[in-house]
Amino acid sequence: QVQLVESGGGLVQAGDSLRLSCAASGRTFSRYAMGWFRQAPGKEREVVAAISASGISTYYADSVKGRFTISRDNAKNTVSLQMNSLKPEDTALYYCATRQTPYLSDAIADFGSWGQGTQVTVSS
């Protein structure tokens, strides 16, 4: 089973950038699609971005299109989320998770093996 550790969160001001990283254990990382998700207090967890196992296909939530970029390095077993032009509404606990197939999905139910999350707080 893949284990995931997120990092890179922090407290920033609106308009700033952050880069989140997710390090995965295990030799089968390159077989799995990956996703970034977030959950704000009092709200349901939502998908932010996802990437296929090859890295060729990506998905973004409408709320982050044009501002966030997901990428992966299968040689280093990492997936990253570059977040630019951050807004206060981006404040949330951010998680990465794997899907047990190489194919892209935007459905939370398709993902498992969740990390512990990294907090992103954007002040206005």
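About the cut-offs
- Residues numbered from 1 in each chain as written.
- Predicted model: local features only at pLDDT ≥ 70, side-chain atom pairs only at ≥ 80, totals over all residues.
- Heavy atoms only, no water.
- Phe/Tyr/Trp six-rings, centres within 6.5 Å; stacked < 30°, edge-to-face > 60°.
- Helix = DSSP H or I, 4+ residues; strand = E, 2+ residues; numbered from the N terminus.
- Buried < 20%, exposed > 50% of the residue type's maximum accessible area, 1.4 Å probe, protein only.

A. Structural view of the packing of aromatic side chains. Applying the stated criterion across every chain, the model contains three aromatic pairs. With a centroid separation of 5.0 Å and an interplanar angle of 70°, the aromatic rings of Phe37 and Phe111 are classed as edge-to-face. In this pair, Phe37 is assigned in strand S4 (residues 33–39) and Phe111 in the loop between strand S9 (92–99) and strand S10 (118–123), connecting sequence segments 74 residues apart. Of the residues examined, Phe37 reaches a relative accessible area of 0% and is grouped as buried. The exposure class assigned to Phe111 is buried, which follows from its relative accessible area of 7%. Three or more aromatic residues joined by ring pairs make a cluster, and in this case those are Phe37, Tyr95, Phe111 and Trp114.

B. Molecular detail of the environment of Met83. The topology assignment puts Met83 in strand S8 (residues 78–83). According to the relative accessible area criterion, Met83 is buried, its value standing at 0%. Taking the C-alpha atoms as reference, Met83 lies 27 Å from Thr28; in sequence the two are 55 residues apart.

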